[in-house]
Amino acid sequence: MSAPTGVIAVTGAGGRVGGRVARRLADQGVPLRLLGRDPARLPELAGAVKAPPAAYGDGEAMRAALDGADTLFLVSAHESPGRVGEHRTAVDAAVAAGVGRIVYLSFQGAAPDATFTFARDHWHTEQYLRAHNGLEWTFLRDNWYLAGIPAMTGRDGVLRGPAGNGRVAAVAHDDIADTAAAVLLAPGAHDGLTYDVTGGEAFTLAEAAEELSRATGRTIRYLPETRDEAYASRSGLGAPEWEVTGWVTSYEAIARGELGAVSDTVRRLTGHAPMTLRDYLVEHPGSLAHLTH
């Protein structure tokens, strides 16, 4: 696989997906432009230029940060009521800067009426990208992160939420990054395509609790909640209502079967099988620290 000509800009390059993507591209000798909210977190990579800080909602700053880039890997902005507007401003800035291709990290099941409220933001962003004549795009719709399974389990050993007996095809950050790099390194091959990026298995949260129990040596259990119970158990966290609604509806999307479909995208585009939950817990023991101390 040969590296494309031109510069690839990577947003969120100090984060868990963007940083991994940037490293993979740098390893292939791709000239990079790294964007991130905190310049101190941007990695030091050969052939990479660190762009000045630019918020997605600041069109002028984003245009300057993307100057000279041909392709943009766009990691979605942090969840907020204005996220779609921020995405639109970032897309407009990219087009104005001369970017001709955007690979957007979306979410599985993105739709205007998706149960998971944050997935609706992704659908509106996808539609905005589609509407730009002459702009090439690819959508990578990832599932839940495998890292989220232990992270959402309380120190009390309880994984709670209104997911019922639904299944989730959670995926590792590394597998998302491998897939994104494969797409970015093949200009033209994936234009106009949408890929679901999932793990190789779909499991219930009760089955996830069993894996967590095996990995920690203590009893971890899944507690299915009603919607009212889910809101009540999160009421003391100090989060705004829109954010709590996002958390709760992510579980409800599982219950309704919206996140249980397993795709072959990772294997097909990268040549290797995606990581399982068991694999993840073995390779990332630090994710279990709050459950083992």
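First, a word on scope: everything that follows refers to the structure included in this document.

Rules and cut-offs
Residues numbered from 1 in each chain as written. Predicted model: local features only at pLDDT ≥ 70, side-chain atom pairs only at ≥ 80, totals over all residues. Heavy atoms only, no water. Helix = DSSP H or I, 4+ residues; strand = E, 2+ residues; numbered from the N terminus. Expected span 1.5 Å × (residues − 1). Buried < 20%, exposed > 50% of the residue type's maximum accessible area, 1.4 Å probe, protein only. Contact = heavy atoms within 4.5 Å. Phe/Tyr/Trp six-rings, centres within 6.5 Å; stacked < 30°, edge-to-face > 60°. Salt bridge = Lys/Arg side-chain N within 4 Å of Asp/Glu carboxyl O.

## Quick look at helix 4 (residues 117-130)
Line of reasoning, step 1. The terminal C-alpha atoms of helix 4 lie 21 Å apart, and with 14 residues this matches the ideal 20 Å at 1.5 Å per residue to within 8%.
Line of reasoning, step 2. Among the residues of helix 4, those classed as buried are Thr117, Phe118, Ala119, Asp121, His122, Thr125, Glu126 and Leu129.
Line of reasoning, step 3. The inward-facing, buried residues of helix 4 abut helix 3 (83-96), strand 5 (101-107), strand 6 (136-142) and helix 9 (241-255).

## Some thoughts on the packing of aromatic side chains
Line of reasoning, step 1. Per the stated rule, a full pass over the model turns up 6 aromatic pairs.
Line of reasoning, step 2. Ring plane angle 90 degrees and centroid distance 6.5 Å describe the contact between Tyr104 and Phe139, whose orientation is recorded as edge-to-face. Highlighted residues: Tyr104 in strand 5 and Phe139 in strand 6, separated in sequence by 35 residues.
Line of reasoning, step 3. The interplanar angle of 65 degrees and the centroid separation of 5.1 Å between the aromatic rings of Phe107 and Phe116 together place this pair among those described as edge-to-face. Across the pair, Phe116 and Phe107 agree in class, each one buried.
Line of reasoning, step 4. Joined through ring pairs, the aromatic side chains of Phe107, Phe116, Phe118 and Trp242 make up one cluster.

## So, the pattern of salt bridges
Line of reasoning, step 1. Following the criterion strictly, the structure yields 14 salt bridges and no others.
Line of reasoning, step 2. Note that Arg83 and Asp121 form a salt bridge whose closest N and O atoms lie 3.2 Å from each other. Of this pair, Arg83 sits in helix 3 while Asp121 sits in helix 4, and the two are 38 residues apart along the sequence. Across this residue pair, the class does not change: Arg83 and Asp121 are buried.
Line of reasoning, step 3. Here Glu252 and Arg227 are joined by a salt bridge, their closest N and O atoms 2.8 Å apart. Here the residue Glu252 occupies a position in helix 9, and Arg227 occupies one in helix 8 (residues 227-233), the gap between them amounting to 25 residues.
Line of reasoning, step 4. Arg227 sits in the partly exposed class, given a relative accessible area of 42%.
Line of reasoning, step 5. Beyond isolated ion pairs, a larger network of salt bridges with shared partners links Arg20, Arg24, Asp174 and Asp178.

Remember, this is a structural readout, not a statement about activity or role.
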